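Observations on the three-dimensional arrangement
Here is what each chain is made of, one letter per residue.
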Amino acid sequence: MSRIGRMPVQIPAGVTVTIAEGNVVTVKGPLGTLTNTFNPRMIITQEGNVLTVARPTDEKEDRSLHGLTRALINNMVEGVSKGYQKQLDIIGVGYRVVQQGNKITCNLGHSHPIVFEENADIKFEVPNPNTIIVKGIDKQIVGQMAAVIRGKRPPEPYHGKGVRYNGEYVRRKAGKTGK
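What comes next concerns the included structure. On a predicted model such as this, the values are computed, not experimentally measured, just so you know. (Residues numbered from 1 in each chain as written. Predicted model: local features only at pLDDT ≥ 70, side-chain atom pairs only at ≥ 80, totals over all residues. Heavy atoms only, no water.)

As a further point, take the environment of Q100. The topology assignment puts Q100 in strand β8 (residues 96-100). For the pair formed by Q100 and E117, sequence separation is 17 residues and the distance between their alpha carbons is 9.7 Å. Here T105 takes part through its side chain, which lies 3.5 Å from a polar atom of the side chain of Q100. (Helix = DSSP H or I, 4+ residues; strand = E, 2+ residues; numbered from the N terminus. Polar contact = N/O pair within 3.5 Å; in protein donor to acceptor, adjacent residues only side chain to side chain.)

What follows is the structure, given as structure tokens:
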């Protein structure tokens, strides 16, 4: 049995889960609503404030979908109740970010500023010119947006300059040696 798939999903107060035909799961909470369609072979049941996922057989595909389905449902429940956030640190002389309304403008050493705009799924916070906090209720979208921002200037190994996740370790390399 899948260790992750066997674990029940606890539904906190203020969160409602509805399971429609075809394994369409809708989770509503104080921060918003998420809907996802899961493989129809998975058996998703709700008893009170506990949600469980079971698999019909021990075939390889069913075993792999079992833990995945449970993890995705748990992420949905956690997202609408607590939300997700990723913090990015900007390191480098002249590298900075400025928030103007619902847009952030990043100066990352390119010939032009890079602008990102908030949407219904993503919100930005800029507590200081070297930090961006990406917030949202969908874990996948928050992680994807943080990866896109980081991809505009990934940290380089010689000086350590660039955009990195908070707490990310960048392995440094020695530069050229002169004679």
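Now, onward.
Remark: the centre distance and the inter-plane angle together describe each pair of aromatic rings, the angle taken between the planes. Within this structure, the stated rule accounts for zero aromatic pairs. Across from the ring centre of Y165, 5.2 Å away, lies the NZ or CZ of K86, which sits over that ring. (Phe/Tyr/Trp six-rings, centres within 6.5 Å; stacked < 30°, edge-to-face > 60°. Lys NZ or Arg CZ within 6 Å of the ring centre and 35° of its normal.)

We now examine helix α2 (residues 60-81). With 22 residues, α2 should cover 32 Å at 1.5 Å per step; its first-to-last C-alpha distance of 33 Å lies within 8% of that length. Along α2, the positions that sit buried rather than exposed are D62, L65, H66, G67, T69, R70, I73, M76, V77, G79 and V80. Of the residues trailing α2, G83 is marked for its positive phi of about 90°. (Expected span 1.5 Å × (residues − 1). Buried < 20%, exposed > 50% of the residue type's maximum accessible area, 1.4 Å probe, protein only.)

Okay, the pattern of salt bridges next. When the charged atoms of two side chains lie near each other, side chains of opposite charge can form a pair. Taken as a whole and assessed by the stated rule, the structure comprises four salt bridges. The salt bridge involving R55 is made with D58; its shortest N-O contact spans 3.0 Å. Residue E125 pairs with K135 through a salt bridge whose shortest N-O separation is 2.8 Å. Here E125 is found in strand β11 (residues 123-125), whereas its partner K135 is found in strand β12 (residues 131-136), with 10 residues between them in sequence. Among the residues examined, K135 registers a relative accessible area of 28% and is labelled partly exposed. (Salt bridge = Lys/Arg side-chain N within 4 Å of Asp/Glu carboxyl O.)

Purely geometric stuff here, so don't read any function into it on its own.
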